[in-house]
Structures are given as C-alpha cells and as structure tokens.
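For reference, the chains in residue letters:
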Amino acid sequence: MPASFGSINYWGVHAFSFTNAKGNKQFGKWIFEPIGGTQGLSDEEAKTKGPSFLFDDLRERVAAGKVAFDFNLQLAQPGDRIDSAVVPLPDDRRKVNMGRLVVKSVSADSGGDCLNITFNPIVLPKGVEPSNDPMLSARAAPYVVGLGRRLGEGAKQ
Ligand code: HEM
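Note that this is a predicted model, so its numbers are computed, not measured.

Enquirer: Can you help me understand the overall build of the chain in this one?
Expert: A tally of regular secondary structure across the chain gives three helices and six strands. Mapped from its N terminus to its C terminus, the chain presents α and β elements in the order β-β-β-α-α-β-β-β-α. With the C-alpha coordinates of the chain rotated into their principal frame, the extents come out at 50 × 40 × 30 Å. Taken over 157 residues, the chain has a buried fraction of 9%. Here the analysis covers contacts within the chain between residues at least 6 apart in sequence; of these, 72% occur between residues at least 24 apart.

Enquirer: Could you clarify how one ought to interpret the pairing of strand 4 (residues 68-75) in this entry?
Expert: Two faces, one strand: in a regular strand the side chains alternate between the faces of the sheet. Sheet topology note: the strand 3 (residues 25-34)/strand 4 ladder contains seven bridges and is antiparallel. In the sheet register, W30 faces strand 4, and the bridge partner there is L73. Sheet topology places strand 4 next to strand 5 (residues 95-102); seven bridges connect them, and they run antiparallel. Paired with L73 across the strands is V96, a residue of strand 5.

Enquirer: In this structure, what is going on with the confidence of the model for the chain? I would like to understand it.
Expert: A low pLDDT means the predicted coordinates there should not be read in detail. Per-residue confidence for the chain gives a mean pLDDT of 93, with 97% of residues at or over 70. Strand 4 holds the highest mean pLDDT among the elements of the chain, 98, whereas helix 3 (residues 134-153) holds the lowest, 90.

Enquirer: I would appreciate a short explanation of the site of the ligand in the present structure.
Expert: Every residue close to the ligand is listed here: V13, A85, M135, A138, R139, P142, Y143, G146, L147 and R150. Its residues assigned to classes, the shell around the ligand shows seven nonpolar, one polar and two charged.

Enquirer: Can you help me understand helix 3 in this one?
Expert: Residues separated by three or four positions in an α-helix point in the same direction, a consequence of the helix having 3.6 residues per turn. Over its 20 residues, helix 3 extends 30 Å from the first C-alpha to the last, a length consistent with the 28 Å expected when each residue adds 1.5 Å. Within helix 3, only zero of the 20 residues are buried, leaving the element largely exposed. Just beyond helix 3, the residue with positive phi is G154, at close to 85 degrees.

Enquirer: Sorry if this is basic, but what is going on with the environment of L73 here?
Expert: The residue L73 is located in strand 4 in this model. Looking at L73, the number of C-beta atoms within 10 Å reads 21, which means it is buried. Linking L73 and F32, residues 41 residues apart in sequence, is a C-alpha distance of 8.7 Å. If we ignore the near neighbours within four places in the chain, the residues touching L73 are F18, G28, W30, K95, V96 and M98.

So, how was this worked out
Residues numbered from 1 in each chain as written. Predicted model: local features only at pLDDT ≥ 70, side-chain atom pairs only at ≥ 80, totals over all residues. Helix = DSSP H or I, 4+ residues; strand = E, 2+ residues; numbered from the N terminus. Buried ≥ 20, exposed ≤ 12 C-beta atoms within 10 Å, placed from the backbone. Contact = placed C-beta atoms within 7 Å. Pairing = 2+ DSSP bridges. pLDDT = per-residue confidence, 0-100. Near = placed C-beta within 6 Å. Nonpolar A, V, L, I, M, F, W, Y, C, P; charged D, E, K, R; others polar. Expected span 1.5 Å × (residues − 1).

What follows is the structure, encoded as structure tokens:
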C-alpha cells in the first residue's frame, strides 16, 4: 500500500525508442521515481486511513510543493525483450535521468481538461517511437470508445 501518490514509482511498461541528436536510437522503458524515495504503509497503518486518503494527501503535498519525480530511462540491451508490456527489462539494466517532473496543481474532482480529451499511447513527441509491442495499438481503440462515453454521459466520479 503506497503512503502517497507522490511517493511511489510509476512504470511505463511498454518499450519506446529514443533518438539522440546524432540519430542514434536507444530502446528503453521509462520510470518516474519520487525524488524523496518510495514510502509504503504497513497493513496496520493502512487500516487507520480513510477511503480517500491518497487523494487528500496528494492535494496537501502538492500545495506544499513536495511532489516531484525523476524521469529515468532504463536502457535495453541487444537481445532484451522490447515487444512486451508484461516482460520487464532485467533489473540490472542501467538507468539514465532525462529530466524532472514537478506536479504543481491538482484539478478538482469531476472536472479538468482530461475529461474532454483522449489518450493514445502511440501519439508521441518528436524523437520517441513505439516498439513493436502489440498492446500499444490495441489500447488506442478502447480509449476512443471511452472518450465517446465521457462526452455523451459525463464524468462518473
Ligand atoms: C499495458 C497495457 C495498458 C496500460 C499500461 C493501460 C493504462 C491505462 C491508464 C493509465 C488508463 C487511465 C486511467 C485513468 O484515467 O484513471 C487507462 C484507461 C483505460 N484503459 Fe488501459 N491500459 C492498458 C491496456 C488496455 C487494454 C488492452 C484495454 C482494452 C482492450 C484498455 C482499456 C482501457 C479503457 C476502456 C480505459 C478508460 C478510458 C477512458 O477513460 O476513456 N487498456 N489505461
């Protein structure tokens, strides 16, 4: 059980290729790691928390300017499986830092711009390309159905 949404790792389970200024391509899997390290709760501690404590905690930590993650890329080596979201890269693969994500605000529930947009994991910034993981294109179709329902029926939260 995480102690906070701001103190757990977020794994990008698909592999993507990243191209540098010289045109060299490197496949890898990204991971956002909290700058203060991960924090968990024991079962006993978790029982003392209310049902929405993670959401309340996130608002408090963000307001205090405490939520930031290192954006790290775990580098694949030749022979590593890069076409499967369910096969992680070996633990000992080197990680390089590519930047820092700082969360500066949290939208109110049932609002915010995300209700009216769709997410497609193969729409990527310049220099980043999808791997041959078939799950990537399989995700695009249901997300469009989700957008249609949110636009037609409204938020369910
Ligand atoms: C590695 C595979 C996958 C990952 C990492 C993943 C991740 C996610 C994430 C992060 C969300 C957003 C959740 C949120 O807004 O709170 C989401 C939403 C969703 N996913 Fe996936 N997903 C995967 C595969 C799939 C597949 C295979 C399907 C269906 C065939 C699917 C169907 C959906 C649907 C229907 C939604 C809701 C979309 C909406 O709100 O409009 N996902 N997924």
